[in-house]
Structure formats: C-alpha cells, structure tokens
Amino acid sequence: TILGAGNGCFASTDIANGTLIGTYAGFAHDHVSFQFKRFSKLNSKYTTDFRKVDENGNIEKHVTINGLYGGNEFRYLNDCSTEISISPNVYLNNNTEIYAIANITDGDELFMDYTAE
C-alpha cells in the first residue's frame, strides 16, 4: 500500500497487541562478508541487519539475514518510517522475533519502522 514499496505482508487473522507473530528467517551472513557480497553485485533484496549489543552499547555480534534465501513471508514487511500517515504495527527485535505493537485486524498490512533500534 506504500507507493514504490514491495509486495507487503498482510495479517491472515486478528492479532492482539504484544503477540509474538513469528521470526524473520533466511540465510545468515556475518555482516562483513555480506557487505562484501552486496558490493560485488549479488542480490541484497530482502535483507535485515541484527546486532547484539552488550550493556555498554558495544556491538557483540552483527549478522545480516537475507530473507530471499530460505526466508519466510516476513521478508515482505514494508518500512513506514517515511510515511506520516502510517504508524508501525510490528516490531522486529534483535532475536529476529516479530511482535505486534498494536491490535491488528485480519487483512491489515504489517508495517515496521526500519530506523527503530
């Protein structure tokens, strides 16, 4: 529903706020080797970065998951951070889990803020 965005990911049932919806899946790359492959013109569509951060804010682990290979329907989640009229209704944590952050109705598109940490 966002002009120029991808296919979108839509709810197939009502989902209550706070519900664990699923896990972002795909082929995991360590971030450094993935960036090398990305700049080498390999397909980088449907990718998401995950960072495990310690109590001091230092990155302990940085992984890029490419949802195109071995991924699931969550690779179609669209970013709403630039759309003033759309609020995110799901959150993706650093354990690759996707949670509802609003009540979602059957048929609603799932949106996340790609810039949220």
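On a predicted model such as this, the values are computed, not experimentally measured, just so you know. The written sequence of each chain sets the order in which its residues are numbered from 1. Local features in a predicted model are, by the rule used here, given only for residues with pLDDT of at least 70; side-chain atom pairs are given and counted only at 80 or more, and totals for whole chains, interfaces and linings are based on all residues. Side-chain descriptors were evaluated using all non-hydrogen atoms of the structure, hydrogens and water having been removed beforehand.

(A) Inspection of the environment of Thr64 at higher detail. Helix and strand definitions here come from DSSP, where helices need a minimum of 4 consecutive H or I residues and strands a minimum of 2 consecutive E residues; each element is numbered from the N-terminal end. With respect to the element layout, Thr64 can be found in strand E5 (residues 59-66). Between the alpha carbons of Thr64 and Gly26 there is a distance of 9.3 Å; along the sequence they are 38 residues apart.

(B) Main features of the sheet that holds strand E2 (residues 20-23). Should DSSP find at least two bridges between two strands, the strands are regarded as paired. Taking strand neighbours across the sheet as the criterion, the 3 strands line up as E2-E8-E7 in an open arrangement whose pairing is antiparallel. Sheet topology places E2 and strand E7 (90-92) at the edges, where each strand pairs with a single neighbour. Recorded for the sheet is a direction-independent mean angle of 20° between the axes of neighbouring strands. Sheet analysis places E2 next to strand E8 (residues 97-100), joined by 3 bridges and oriented antiparallel. Pairing of Leu20 across the sheet is with Tyr99, part of E8. Angles run from 0 to 180 degrees between N-to-C directions of axes, and those axes are lines fitted to C-alpha atoms, restricted for helices to the stretch in contact.

(C) Spatial organisation of the sheet that holds strand E9 (residues 109-112). In space, the 3 strands of this open sheet follow the order E1-E9-E6, with mixed pairing throughout. Whereas interior strands pair on both sides, the edge strands pair on one side only; in this sheet they are strand E1 (9-10) and strand E6 (78-79). Here 2 bridges tie E1 to E9, and the two strands are oriented antiparallel to one another. The partner of Phe10 across the bridge, within E9, is Glu109.

(D) Expanded view of the environment of Cys9. Assignment of secondary structure puts Cys9 in strand E1. A sequence separation of 65 residues divides Cys9 from Phe74, and the C-alpha atoms of the two residues are 6.5 Å apart. For this analysis, residues touch if any pair of their heavy atoms sits within 4.5 Å. Leave out the neighbours within four places in its chain, and Cys9 touches Glu73, Phe74, Tyr76, Leu77, Asp108, Glu109 and Leu110.

(E) Layout of a nonpolar patch on the surface. A contiguous nonpolar surface patch, about 300 Å² in accessible area, is contributed by Phe27, Leu68 and Tyr69. Residue placement: Tyr69 occurs in the loop between E5 and E6. Burial classification: accessible surface area is computed with a 1.4 Å probe over protein chains only, and a residue below 20% of its type maximum counts as buried, one above 50% as exposed, and the rest as partly exposed. Overall, Tyr69 belongs to the partly exposed group, its relative accessible area being 46%. Any residue with relative accessible area above 30% and no salt bridge may belong to a patch, with like charges joined within 9 Å and the nonpolar Val, Leu, Ile, Met, Phe, Trp and Tyr side chains within 5 Å. What sets the accessible areas is the Shrake-Rupley method with a 1.4 Å probe; for residues, cover comes only from the shown protein chains. A carboxyl oxygen of Asp or Glu within 4 Å of a side-chain nitrogen of Lys or Arg is what we treat as a salt bridge.

(F) Representation of the pairing of E8 in the model. In E8, alternate side chains face the same way, and those of Ile98 and Ala100 are buried while those of Glu97 and Tyr99 on the opposite face are not. Hairpin connection between E7 and E8: a loop of 4 residues separates the two successive antiparallel strands, and Thr96 in this loop has a positive phi of roughly 65°.

(G) Here's a closer look at the pairing of E9. Side chains of E9 alternate between two faces, with Glu109 and Phe111 and Leu110 and Met112 buried alike. As defined by bridge partners, E6 adjoins E9 across 2 bridges and the pair is classed as parallel. Pairing of Asp79 across the sheet is with Met112, part of E9.

(H) Just the nonpolar core, in detail. Residues grouped as a nonpolar core are buried Ala, Val, Leu, Ile, Met, Phe, Trp, Tyr and Cys residues, joined through side-chain atoms within 4.5 Å. If you look at the biggest cluster of nonpolar residues, it comprises 15 residues, and the most contacted ones within it are Tyr24, Phe74, Leu77, Val90, Ile98, Ile104 and Leu110. Where this core is concerned, the elements lending two or more residues are E5, E7, E8 and E9. Filtering out sequence-adjacent residues up to four positions away, Phe74 remains in contact with Cys9, Ile21, Gly22, Thr23, Tyr24, Ile98 and Leu110.

(I) View of the side chain of Glu109. Locating Glu109 in the fold gives a position in strand E9. Using a relative accessible area of 6% as the deciding quantity, one classes Glu109 as buried. Side-chain atoms alone can form a polar contact between residues adjacent in sequence; in general such a contact is a pair of N or O atoms within 3.5 Å, and within protein one must be able to donate a hydrogen while the other accepts it. At a separation of 3.0 Å, a polar atom in the side chain of Glu109 contacts the side chain of Asn78.

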